[in-house]
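# Survey of secondary and tertiary structure
If you want the building blocks of each chain, they are given just below.
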Amino acid sequence: MSDLKKLTPLPAEFYRRNTLEVAMDLLGKVIVRIYRNQMLNVMITETEAYIGDHDPACHSYKKFTERNRIMYEQGGKVYIYFIYGNYYCFNIVTGQKGEGNAVLIRSGKPLAGIEKMNNLRGHVKNIHDLTNGPGKLCMALGIDQKFYGDDVTEKKKIFITASKGLKSFTACSSRRIGLNKGEHLPYRFFIKDNPYVTLHKFNREIISETKIKL
DNA sequence: GACAAGATTAGCT
DNA sequence: GCTAATCTTGTCT
């Protein structure tokens, strides 16, 4: 990846749109994480949308709590939660203030700082397993609860920047992984035939395909 | 205070 | 494919 000085965060307007559009448009974008003066880069390959208004799987569905309060802020804020006693999940709030929407960043392709990420993960055998899951991604990027409420439109410890080098790909949608509610909704998005995506049978149950040209 | 559920993962069969 | 590990959060008493 290129020089940090040349990288610009995607603007707030990018996130303050329809959550499903943002979830699909985040595919191919690059996470920039500054970890102890070293830059780590991961290209986003898989996302899931969560929409407070009508989505029973969403943490902000019909209720405001201490945990989900950041989801009601304007798009661009970071929502982190701790799950199953071990893992963090990294979400970006979308839409307008008061809506309660977010996109979960599920997987990515490591681009730079791979050795550091592998150290943080505890040395995986296959590079494909480095960041192909929401818990793994957070571990590899050193993301924890401290990032709750940060803003990815600011050029600080973590932000998202435009795709580099990727010309075109096919975006697929499927049901979301690991849910007991709202599992029928086609709110998961991933890059077709990309090896850095969660291994799951839903990868073979594609609901829609969209050709993307950058 | 107690208790059940959970947007996961690694490891084993 | 199946399951244990592990603990925060939300909800109820």
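See above for the structure.
Counting restarts for each chain: residues are numbered from 1 in the order of the written sequence. Just so you know, chain letters begin at A and ligand numbers begin at 1, following the order they were written in. Since the coordinates come from a predicted model, pLDDT governs what is reported: local features require at least 70, and pairs of side-chain atoms require 80 or more to be given and counted, while whole-chain, interface and lining totals use all residues. Only hydrogens and water are set aside; all other atoms, that is, all heavy atoms of the structure, feed into the side-chain values.

## A short note on the protein's contact with DNA strand B
What surrounds DNA strand B is a group of 19 residues, the closest being His 59, Tyr 81, Asn 91, Arg 121 and Gly 135. Backbone atoms, meaning sugar and phosphate, form 54% of the atoms of DNA strand B found within 4 Å of the protein. Here a polar contact is recorded for every N or O atom pair within 3.5 Å, except that within protein the pair must consist of a potential hydrogen donor and a potential acceptor, and residues adjacent in sequence are included only if both atoms are side-chain atoms. Between a base nitrogen of DNA strand B and a side-chain N or O atom of Tyr 81, the distance comes to 2.6 Å. Backbone polar atom of Tyr 84 to a base nitrogen of DNA strand B: 3.4 Å apart, as the coordinates give it. Of all the secondary-structure elements, those providing two or more residues to the surface near DNA strand B are strand 3 (78-83), strand 4 (87-94), strand 5 (101-112) and helix 4 (134-141). The element contributing the most residues to the surface near DNA strand B is helix 4, with three residues. Proximity is defined per residue: if any heavy atom of the residue lies within 4 Å of a molecule or strand, that residue is considered near it. Numbering of helices and strands starts at the N terminus; helices are DSSP runs of H or I of at least 4 residues and strands are runs of E of at least 2.

## Concerning the protein's contact with DNA strand C
In the vicinity of DNA strand C, the residues found are Lys 63, Thr 65, Glu 66, Arg 67, Phe 82, Tyr 84, Gly 85 and Asn 86. Here a phosphate oxygen of DNA strand C and a side-chain polar atom of Thr 65 are 2.5 Å apart. At 2.3 Å, a backbone N or O of Tyr 84 approaches a base oxygen of DNA strand C. Throughout this entry, Asp, Glu, Lys and Arg are counted as charged residues, while Ala, Val, Leu, Ile, Met, Phe, Trp, Tyr, Cys and Pro are counted as nonpolar. The remaining residues, Gly among them, count as polar. Residue classes in the surface near DNA strand C are distributed as two nonpolar, three polar and three charged.

## Some thoughts on the nonpolar core
Take the buried residues of types Ala, Val, Leu, Ile, Met, Phe, Trp, Tyr and Cys, join any two whose side-chain atoms come within 4.5 Å, and each joined set is a nonpolar core. Only protein chains enter the accessibility calculation, which uses a 1.4 Å probe; a residue is then buried when its area is under 20% of its type maximum, exposed when over 50%, and partly exposed in between. Counting 40 residues, the largest nonpolar core has Tyr 15, Leu 26, Ile 31, Phe 90, Ile 105 and Ile 160 as its most contacted members. The dominant element in this core, judged by the number of residues it contributes, is strand 2 (residues 38-51), at six residues. Here, residues are in contact when the closest pair of their heavy atoms is within 4.5 Å. Not counting the four nearest positions on each side in its chain, Tyr 15 is found in contact with Leu 10, Val 22, Leu 26, Gly 75, Gly 76, Ile 92, Val 93, Thr 94, Gly 95, Val 152, Thr 153 and Ile 160. Core analysis: the next-biggest nonpolar cluster, separate from the first, contains twelve residues, Cys 89, Ala 102, Leu 104 and Tyr 148 among them.

## Some remarks on unusual backbone geometry
Despite not being glycine, Asn 37 shows a phi value in the positive range, around 70°. With respect to the helices, strands and loops of the structure, Asn 37 is situated in the loop between strand 1 (30-35) and strand 2. A positive phi angle, near 55°, is found at Lys 62, a position not held by glycine. By the secondary structure assignment, Lys 62 is in the loop between strand 2 and strand 3.

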